[in-house]
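Structural features, examined
In case you want the letters, here they are:
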Amino acid sequence: FLAPIKDKDGKVVEISAIANDISLRVQMEDEKNRQTALIKAIFDSSSHLIFTINRNYEITSFNKNYYQHVKQNHNAETYVGKSLLSGGLKKDAPQEFVEWKERHDSVISGRPSYYKNMAVRPDGEVIYFETFLDPVYLPGGEIEEVSYISLDITDKYKAEKELTNS
């Protein structure tokens, strides 16, 4: 900030300058941006299906693998804000939908969960997943979302089954 200092005749005789060192603020902003980029890269490059669903049963985020899985295996599009209260699982597997909703509500109340499930691809192949559900805490401690991390365990499942059958 610069301000002229004038004498009694109104002539500028000095200039006053005030400066703030913002080096630390810029450094912190750079670190925050780096961390954000790193988290996004981990989220998008993971081989897992990662997505979040809020307390209103709407998708709030998802990675590329989740998007591709939904498109290829369920012949559907997904998007942020999509409600899971209609269509999809509710229509095709009502009992599984009820169980999923109860599990989701339990995690919203603070209890992490884990389950294994299967899905049938359009070509008839059965695939198996294990999914971890965790509450997403806001800075004030409230839980507004659940994070889902699913791993395709089809190869592991088939190998275990083959060992059991031999």
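Right above here is the structure, for reference.
It should be emphasised that the depicted structure is a prediction, and the values quoted were computed from it without experimental measurement.

**Overview of the overall build of the protein**
For the protein, the count of helices and strands is five helices and seven strands. Against the compact-globule benchmark of 15 Å for 166 residues, the protein has a radius of gyration of 26 Å, which places it well outside the compact range. When its C-alpha atoms are laid out on the principal axes, the protein stretches across 100 × 35 × 30 Å. For the protein, with 166 residues in total, the buried portion stands at 23%. Contacts in the protein between residues far apart in sequence, at least 24 positions, make up 36% of those at least 6 positions apart. Roughly 11700 Å² of accessible area belongs to the protein as shown, and the carbon and sulfur atoms make up 55% of that amount. Within the protein, the 26 negative side-chain charges are centred at a point lying 2 Å from the centre of the 21 positive side-chain charges.

**Thoughts on the sheet that holds strand β7 (residues 143-152)**
Strand order across the open sheet formed by five strands is β4-β3-β7-β6-β5, with antiparallel pairing between neighbours. Because the sheet does not close on itself, it has two edges, and the strands there are β4 (59-62) and β5 (113-120). Geometrically, the sheet is characterised by an average inter-axis angle of 25° between neighbouring strands, direction not taken into account. The pairing of β5 with strand β6 (residues 126-137) spans eight bridges and is antiparallel. Residue pairing in the sheet places Asn117 in a bridge with Phe129 of β6.

**Notes on the pairing of β4**
Pairing geometry for strand β3 (residues 49-54) and β4, over three bridges, is antiparallel. Each residue of the ladder has a partner; that of Ile53, found in β4, is Ile59.

Definitions and limits used
Residues numbered from 1 in each chain as written. Predicted model: local features only at pLDDT ≥ 70, side-chain atom pairs only at ≥ 80, totals over all residues. Heavy atoms only, no water. Helix = DSSP H or I, 4+ residues; strand = E, 2+ residues; numbered from the N terminus. Rg over C-alpha atoms; globule rule 2.2 N^0.38 Å. Buried < 20%, exposed > 50% of the residue type's maximum accessible area, 1.4 Å probe, protein only. Contact = heavy atoms within 4.5 Å. Areas by Shrake-Rupley, 256 points an atom, 1.4 Å probe, with all protein chains shown as cover. Lys, Arg positive; Asp, Glu negative; His and termini not counted. Charge placed at Lys NZ, Arg CZ, Asp CG, Glu CD. Pairing = 2+ DSSP bridges. Axes fitted to C-alpha atoms, helices over the stretch in contact; angles between N-to-C directions.

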